[in-house]
Amino acid sequence: MGLLDILLGRTKPVVPDLDQLFALPSAAVTLEAATGFTPTGQGAVCFATVEGSAFEQTHREVQALLDADTERTGPPVRLVRDDYGYSWLLSQRTPDQLPLLVNDLHAVNSAMEVNGFGPQLLCSLAGFEDRRDGTEEAGTEEAGTEEAGGRRLALVYLYKRGSFYPFAPLPGPGQRRDGALELQVQAALTGDLRIEQDLGRWFPVWGAPGL
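Note that the coordinates shown come from a computational prediction; the quantities given were computed from them, not determined experimentally.

A. Looking closely at the overall build of the chain. Each helix and strand counted, the chain has 5 helices and 6 strands in total. Along the chain direction, N to C, the helices and strands of the chain fall in the order α-α-β-α-β-β-α-β-β-β-α. Among the 211 residues that make up the chain, the fraction classed as buried is 44%. If you take every contact in the chain between residues at least 6 apart in sequence, the share linking residues at least 24 apart comes to 69%.

B. Just the nonpolar core, in detail. The biggest cluster of nonpolar side chains holds 51 residues, and the ones touching the most others in it are F128 and L193. With near-sequence residues (within four places) excluded, L193 lies in contact with A23, L24, A27, L155 and F164.

C. Up close: the packing of helix α2 (residues 24-35) against helix α4 (residues 98-114). The interhelical angle for the contact between α2 and α4, taken along N-to-C directions, is 135°, at an axis separation of 9 Å. Relative to α4, α2 is oriented oblique. Where α2 crosses over α4, the two elements pack in a sense that is right-handed. Along its contact with α2, which presents L24, P25 and A28, the element α4 presents L98, P99 and V102. By residue class, the composition of the contact of α2 with α4 is 6 nonpolar, no polar and no charged.

D. Representation of the packing of α2 against helix α5 (residues 179-189) within the structure. The contact between α2 and α5 brings their axes to 10 Å, and the two run at 125°. Viewed along their axes, α2 and α5 adopt a mutual orientation that is oblique. In terms of crossing hand, the pair formed by α2 and α5 is right-handed. Of the residues in α5, those touching α2 at A27, T30, L31, A34 and T35 are Q184, V185, A188 and L189. Here the residues of the contact of α2 with α5 are counted per class, giving 6 nonpolar, 3 polar and no charged.

E. Spatial organisation of helix α3 (residues 53-67). With 15 residues, α3 extends 21 Å from end C-alpha to end C-alpha; this agrees with the ideal 21 Å at 1.5 Å per step. Burial in α3 covers these residues: F55, T58, H59, V62, Q63 and L66. Projected down its long axis, α3 carries its buried residues within an arc of 130°, all on one side. Turned more than 90 degrees away from the buried face of α3 sit S53, R60 and L65, all of them exposed. The inward-facing, buried residues of α3 abut β1 (38-48), β2 (78-81), β3 (86-92) and α4.

F. Here's a closer look at α2. The end-to-end C-alpha separation of α2 is 15 Å, in line with the 16 Å expected for 12 residues at 1.5 Å each. By the burial criterion, the buried members of α2 are L24, A27, A28, L31 and T35. All buried residues of α2 project into a common sector of 110° when viewed along the axis, lining one side. Of the residues in α2, the exposed ones pointing more than 90 degrees away from the buried face are V29 and A33. The secondary structure elements touched by the buried residues of α2 are β1, α4, β4 (121-130), β5 (151-158), β6 (163-167) and α5. A positive backbone phi angle near 85° is found at G36, which sits one or two residues after α2.

G. Looking closely at the pairing of β3. Buried residues dominate β3, accounting for 5 of its 7 residues. The sheet contact formed by β1 and β3 spans 7 bridges and is antiparallel. Note on β3: the bridge partner recorded for F47 is S87. In terms of strand pairing, β2 meets β3 through 4 bridges, oriented antiparallel. Within the sheet, the bridge partner assigned to L79 lies in β3 and is L89.

Each value, and the rule that gives it
- Throughout this document, residue positions are counted from 1 along each chain, in the order its sequence is written.
- pLDDT decides what is reported in this predicted model: residues at 70 or higher carry local features, side-chain atom pairs at 80 or more are listed and counted, and totals for whole chains, interfaces and linings draw on all residues regardless.
- Water and hydrogen atoms were dropped before computing side-chain values, which therefore reflect all heavy atoms in the structure.
- Every helix listed is a DSSP run of H or I at least four residues long, and every strand listed is a run of E at least two residues long, numbered separately from the N terminus.
- Classification of residues uses two cut-offs on accessible area relative to the type maximum, computed with a 1.4 Å probe and protein chains only: under 20% is buried, over 50% is exposed, and between them is partly exposed.
- Contact definition: two residues touch when any of their heavy atoms are within 4.5 Å.
- Residues belong to one nonpolar core when they are buried, are Ala, Val, Leu, Ile, Met, Phe, Trp, Tyr or Cys, and are joined through side-chain atoms within 4.5 Å.
- Between the N-to-C directions of two axes lies an angle of 0 to 180 degrees, each axis being a line fitted to C-alpha atoms and, for a helix, fitted only over the stretch in contact.
- Here the angle decides the label: under 35 degrees means roughly parallel, over 145 means roughly antiparallel, 65 to 115 means roughly perpendicular, and every other value means oblique.
- Each helix crossing is assigned a hand: it is left-handed if the near helix lies turned anticlockwise from the far helix by less than a right angle, otherwise right-handed if that turn is clockwise.
- Side-chain classes follow a simple rule in which Ala, Val, Leu, Ile, Met, Phe, Trp, Tyr, Cys and Pro form the nonpolar group, Asp, Glu, Lys and Arg form the charged group, and the remainder, Gly included, forms the polar group.
- By definition here, a helix of n residues has an expected span of 1.5 Å times n minus one.
- Arc, as used here, means the arc of the directions from the helix axis to the C-beta atoms.
- Being paired, for any two strands, means DSSP has found at least two bridges between them.

Okay, here's the thing in structure tokens:
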């Protein structure tokens, strides 16, 4: 990057690095130790919906590829369209099969790239939850306001940035997120994942399948 680019605030686009996804299993160990959150076994890849036979064939081939896995014991991979018009390819594994889930996410992204749909890829996520009943947080000021059990968290991978960020929706009505938890997760996982430093890019993924 030249001096003029720096002065004008121009930056080179980040090259997608799908191998960053393989850091998720080790990050999950750190996450559980720091926060008590454990994998749900659910994950999904989000992409801008494209109409046409080529796109339809690609996502069906990806579904068939993942469903052919002899180790898959959960429900088949399925395509879901959210309320905002984006498409999600959802994979469900058992909670102890996070490495296999990561392989699924990587395979979906790779297949989309190979078939020319890389520009449509937006993000991937792996779901986590805190099943504790809240007693472990007794003594903290927050313990009486938000029950720990049942809280959800996603580690979101931004395809075009090659980085991760946490998204923690609060339970209950409305669209609220737990900013304090997200910052706690950021601090805990800085050594495990390439965390997105621009908090403005920590986009909410309300109602995302797999969360």
